[in-house]
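Residues per chain are reported as follows:
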Amino acid sequence: MRTAVKAQVVADFLADFPLSDEDEVEDIPGMEEYREDPADLLEASSPTRWEFFVNGSLNKDGSVLGLVFTTPEGMKIVHSFRLEFKETNNVTEYEAVIHALSIVVEMGLQDVRLTSDSQLAIRQITDKYAIHEPILQKYWELAQFYIDQIPNIKFRHIISKDNRHSDALSYIASRLTDPTVEGIRVVRLLTPSIPEVP
């Protein structure tokens, strides 16, 4: 039902503001990211491509980053960072992208797709949006430095609800408000504490 309502809103808008013959719509932000079943987002999409999902978030407890990498074989690697400096949400989103790109370069990966829910960061990095803030220009330059070292890299923007895996890692890192806590250890428990009763 929501898709039909969104489609009608777009149709009404285009009827009210028609394009001239020389105008061209390259893309409508948010439309290409819609997927019926986003459950496969973390699955390997290519026999050689690494998938990187990043999220930077700012809340009352500070700035945090969540990164989820999927190898071509389908294995997942997760990282969570807490920024110990105050920044804007846009800078935090760029920090997530920069940390992912630096890891890509450090690992010497050749084929990567980086996905983020930050429309601003992704569209600025791909030169679809202009950069007006000097600090974001510096982040863009650093991103380009890393991008130039990666032979095959693609960028994708998805809506926040589909980026829940890296978003969850950001949330975990945001809980580290005590400066004496350096990390949260996650242990996978494979058996129950009490043996099964027959």
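Everything in this summary refers to the structure shown in the same document. None of the values given here were measured: they were computed from a predicted structure. (Residues numbered from 1 in each chain as written. Predicted model: local features only at pLDDT ≥ 70, side-chain atom pairs only at ≥ 80, totals over all residues. Heavy atoms only, no water.)

1. What about helix 2 (residues 89-107)?
Right, so step 1: The end-to-end C-alpha distance of helix 2, which contains 19 residues, comes to 27 Å, matching closely the 27 Å that a straight helix rising 1.5 Å per residue would cover.
Right, so step 2: G108 sits one or two residues past helix 2 and shows a positive phi near 70°. (Helix = DSSP H or I, 4+ residues; strand = E, 2+ residues; numbered from the N terminus. Expected span 1.5 Å × (residues − 1).)

2. Observations concerning unusual backbone geometry
Right, so step 1: The backbone phi angle of D127 is positive, close to 60°, even though this residue is not glycine.
Right, so step 2: As for its placement among the helices and strands, D127 is situated in the loop between helix 3 (119-125) and helix 4 (134-147).

3. A few points about the nonpolar core
Right, so step 1: One finds F52, V54, L67, Y94, L101, V112 and L114 to be the most contacted residues of the largest nonpolar core, which totals 30 residues.
Right, so step 2: Breaking this core down by element, the ones donating at least two residues are strand 1 (50-59), strand 2 (62-70), helix 2, strand 4 (111-116), helix 3 and helix 4.
Right, so step 3: The element that contributes the greatest number of residues to this core is helix 2, accounting for nine residues. (Core = buried A, V, L, I, M, F, W, Y, C linked by side-chain atoms within 4.5 Å. Buried < 20%, exposed > 50% of the residue type's maximum accessible area, 1.4 Å probe, protein only.)

4. Examining the environment of Y94
Right, so step 1: Mapped onto the elements, Y94 comes out in helix 2.
Right, so step 2: With 27 residues separating them along the chain, Y94 and A121 place their C-alpha atoms 6.1 Å apart.
Right, so step 3: Residue contacts for Y94: discarding those within four places in its chain leaves A121, Q124, I125, L136, Y139 and W140. (Contact = heavy atoms within 4.5 Å.)

5. Structural notes on the pairing of strand 2
Right, so step 1: Of all nine residues that make up strand 2, nine are buried, and the element is covered over most of its length.
Right, so step 2: Every second residue of strand 2 is oriented toward a common face, with G62, V64, G66, V68 and T70 on one face and S63, L65, L67 and F69 on the other, all of them buried.
Right, so step 3: Where strand 1 lies against strand 2, nine bridges are found, and the strand directions are antiparallel. Note on strand 2: the bridge partner recorded for N55 is G66.
Right, so step 4: Adjacent in sequence and paired antiparallel, strand 1 and strand 2 are bridged by two residues.
Right, so step 5: One ladder, built from eight bridges, connects strand 2 with strand 3 (residues 76-83); its direction is antiparallel. Of the residues in strand 3, the one forming a bridge with T70 is K76.
Right, so step 6: Connecting strand 2 to the antiparallel partner strand 3 that follows it, the hairpin turn spans five residues, and G74 within it adopts a positive phi of roughly 100°. (Pairing = 2+ DSSP bridges.)

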